[in-house]
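Structural description and commentary
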Amino acid sequence: DVWKQGEVRGLKARGGFEVDLAWNEKGLRTSSIKSLAGNLCTLRSSVSIKIEGLSAKSIKAEFGYLTSFPTIQGKVYKVTPKG
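First things first, this report covers the structure right here in the doc. Only a predicted model underlies this, so the values are computations on that prediction, with no experimental measurement involved. (Residues numbered from 1 in each chain as written. Predicted model: local features only at pLDDT ≥ 70, side-chain atom pairs only at ≥ 80, totals over all residues. Heavy atoms only, no water.)

**Some points on the sheet that holds strand β8 (residues 76–81)**
- Pairing is antiparallel in the open sheet, where five strands are placed in the order β1-β2-β3-β8-β5. Both outer strands of the open sheet, β1 (6–13) and β5 (49–51), are each paired with one neighbouring strand and no more. Shown here is a sheet whose adjacent strand axes are inclined to one another by a mean of 20 degrees, direction ignored.
- Looking at chain direction, β1 and strand β2 (residues 17–24) are connected through six bridges and run antiparallel. Bridge pairing in β2 links Glu-7 to Ala-22. (Pairing = 2+ DSSP bridges. Helix = DSSP H or I, 4+ residues; strand = E, 2+ residues; numbered from the N terminus. Axes fitted to C-alpha atoms, helices over the stretch in contact; angles between N-to-C directions.)

Shown next as structure tokens:
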């Protein structure tokens, strides 16, 4: 409730990724994931998401949604909520 909107950049994530996030009162606005190692990226989210330029599908799981996609080292992937 205190952070109704904001952004964070440069978070390091498991598997060799760097993450930038921006959110507002309605949740995730946009994010980007840079692949530092070219590994498979797996995202857990509370809403279904889309990866710009890819046909990755979000699978409904007991904790929300799970989305996995192969990455290329050095490439940045834009992630946004569906709908």
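Back to the write-up after that little detour.
**Description of the layout of surface pockets**
- Reported here for the largest pocket is a volume of approximately 640 Å³.
- When grouped by side-chain class, the residues that make up the lining of the largest pocket number 15 nonpolar, five polar and three charged. (1 Å grid on protein atoms, 1.4 Å probe; cavity = no way out; pocket = protein on both sides within 12 Å on 5 of 7 lines; lining within 4 Å. Points joined across faces, edges and corners; volume = space filled by probe spheres on them. Nonpolar A, V, L, I, M, F, W, Y, C, P; charged D, E, K, R; others polar.)

**Overview of the sheet that holds strand β6 (residues 59–61)**
- If you trace the three strands from one edge of the open sheet to the other, you get β4-β7-β6, paired in antiparallel fashion. One side of each edge strand has no neighbouring strand; the edge strands of this open sheet are β4 (41–45) and β6. Neighbour-to-neighbour, the strand axes of this sheet turn through a mean angle of 30 degrees, independent of strand direction.
- Pairing of β4 with strand β7 (residues 64–69), which is carried by five bridges, proceeds in the antiparallel orientation. Bridge pairing in β7 links Cys-41 to Phe-69.

**Thoughts on a positive patch on the surface**
- Where like charges cluster on the molecular surface, the positive patch consists of Lys-50, Lys-57, Lys-78 and Lys-82.
- With respect to the secondary-structure elements, Lys-57 resides in the loop between β5 and β6.
- Its relative accessible area of 65% is what places Lys-57 among the exposed residues. (Patch = residues over 30% accessible without salt bridge, like charges linked within 9 Å, V, L, I, M, F, W, Y side chains within 5 Å. Areas by Shrake-Rupley, 256 points an atom, 1.4 Å probe, with all protein chains shown as cover. Salt bridge = Lys/Arg side-chain N within 4 Å of Asp/Glu carboxyl O. Lys, Arg positive; Asp, Glu negative; His and termini not counted. Charge placed at Lys NZ, Arg CZ, Asp CG, Glu CD. Buried < 20%, exposed > 50% of the residue type's maximum accessible area, 1.4 Å probe, protein only.)

**Considerations on the side chain of Ser-31**
- On the secondary structure map, Ser-31 appears in strand β3 (residues 27–35).
- On the basis of relative accessible area, Ser-31 is assigned to the buried category, the value being 8%.
- When residues no more than four places from it in sequence are discounted, the contact partners of Ser-31 are Asp-20, Leu-21, Tyr-77, Lys-78 and Val-79. (Contact = heavy atoms within 4.5 Å.)

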